[in-house]
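# Per-entry structural report
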Amino acid sequence: MAGDRTPKIVGTVWGLLVLNTLGSAGAKTIVPLPRSLIQMVTMGALVAAFTLALTVNLKLRIRASAYVSLLTLLLVSSVISSANLESGFGALFRCARLALFVGTLWLLSRWWDGSTTFVRHHIRMYFAVLGLVAAGLVISPGAALPDLYGGRLVGALWPLTPPQIGQYAAVIIGLTVLLLLGRRTDRKGAAVVIVPSLVLLALTHTRTATLGLVIGLTLAIGSLILTSAAARRFFTWAVVCVTVAAVGFASVLQAWFLRGQSKENFSSLTGRAKVWDALLAEPRSTGETLFGMGLGDKSFGGLPIDNSWLAVYQEQGLIGVCLVAAIIIGLGGIALLRPPSLERACAIFLISYCAMASYTEAGLGDASPYLLHLALAASLLAAPAPPPAPAPEAPSLTTPEAPRRRVPQWARRTEVI
């Protein structure tokens, strides 16, 4: 099953899943793109991904996956909460999207064998997205660094917000660094990905992505220290560089981190805390508390929730929160039980990044890049499939020759006479 050679079309399917999770809302682009057109592209990508995955896996061979099983339960919970149409018909549409997303992951699970195959697909696709962002910056710097976002980098050719760009940059930087430490790529190839991605991450001024990158890499490299000399050297140099930067560039780093905000605005997490307090104070029935209001646009009172746990509580209730917690804890527990390896380190990075980002970003309860990151972690933690058993030998159609009986010499003389 999973030991089969991964077809090239699987990489295309993974890229289409990435395209679907880019979203349809964001900054104003150089050429205005109707939201309906963007939604057609993203949904078309998901339908195409499911169709291609089904085509390449017609026998419906899948691997047992606790991660996708929990996602399936989350889908069932979402359908139950959305059935009353309290969030409108859009909730059922989002459930259908999540169903296609989960179904595609089930079909791809056949090739989850604990290797870095899907890591490379992940890096290539998100690097292509960042290339589109960089192209928009070169073509129209004013549109890519608008005053509406405080001069932070946005997508000028495809509507992407600074947190999205920061997330994509941080994830591929972390994965590429780990591939370099594991000697799965050379320094030149790693520099081509890491250097421009770091520049774009700095231009987004995204604190969540930066902290997630630092914390995720610290935990991932820490899991390799005992078995990898390259990881020990990198960790030592990283500590030295961070210490020097903290001492010599403290004021610059503080200004970048605060983004010109007041201490009051910073302490309230750019106004997020007010939305969270209002959401938690909202009266709810028992059914709404358990199952939520149905899948929506991750907002409350017209303002973004920007917290995965509260967004799941709002839309999928306490049951959804428990399922998402089971996903994070389950993947983290499996990663801790695995022996040290590059694949385990990549999984630890992705799990810790998503857990860190869940505090100020929504997406763990619906088809999103975060669920795709965790799917990649699940593929890295999958046990390699056992080698296929040798085919039994075909029975011989010829009658075996009877053993030749030794004839004594005196008997042979008698026969001659």
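Residues numbered from 1 in each chain as written. Predicted model: local features only at pLDDT ≥ 70, side-chain atom pairs only at ≥ 80, totals over all residues. Heavy atoms only, no water.

Time to look at the overall build of the protein. For the protein, the count of helices and strands is 18 helices and two strands. Counting all 417 residues of the protein, 45% fall into the buried class. Considering only residue pairs separated by 6 or more positions, the protein has 76% of its internal contacts joining residues 24 or more positions apart. Carbon and sulfur atoms form 68% of the exposed surface of the protein, whose accessible area is close to 21,100 Å². (Helix = DSSP H or I, 4+ residues; strand = E, 2+ residues; numbered from the N terminus. Buried < 20%, exposed > 50% of the residue type's maximum accessible area, 1.4 Å probe, protein only. Contact = heavy atoms within 4.5 Å. Areas by Shrake-Rupley, 256 points an atom, 1.4 Å probe, with all protein chains shown as cover.)

Evaluated as defined, the whole model comprises four salt bridges. A salt bridge links arginine 272 to aspartate 306; the shortest N-O distance between them is 3.5 Å. Residue arginine 272 is located in helix H13 (residues 272-281), and its partner aspartate 306 is located in the loop between strand E2 (303-304) and helix H15 (308-337); the two are separated by 34 residues in the primary sequence. Classification of arginine 272 as buried rests on a relative accessible area of 17%. When the shortest N-O distance is used, the salt bridge between aspartate 366 and lysine 298 registers 3.1 Å. Of this pair, aspartate 366 sits in the loop between helix H16 (342-357) and helix H17 (369-381) while lysine 298 sits in the loop between helix H14 (286-291) and strand E1 (299-300); the two residues are 68 residues apart in sequence, bridging distant segments of the chain. Here the two residues aspartate 366 and lysine 298 agree in accessibility, since each one is buried. (Salt bridge = Lys/Arg side-chain N within 4 Å of Asp/Glu carboxyl O.)

Among the structural elements, valine 76 can be located in helix H3 (residues 66-82). With 19 residues separating them along the chain, valine 76 and cysteine 95 place their C-alpha atoms 8.9 Å apart.

What follows is about the confidence of the model for the protein. With 86% of its residues at a pLDDT of 70 or more, the protein has an overall mean of 86. The spread of mean pLDDT over the elements of the protein runs between helix H18 (residues 409-416), the lowest at 48, and H17, the highest at 96. Note on residues 413-417: pLDDT is under 50 here. Beyond four places in sequence and across chains, it has zero contacts. (pLDDT = per-residue confidence, 0-100.)

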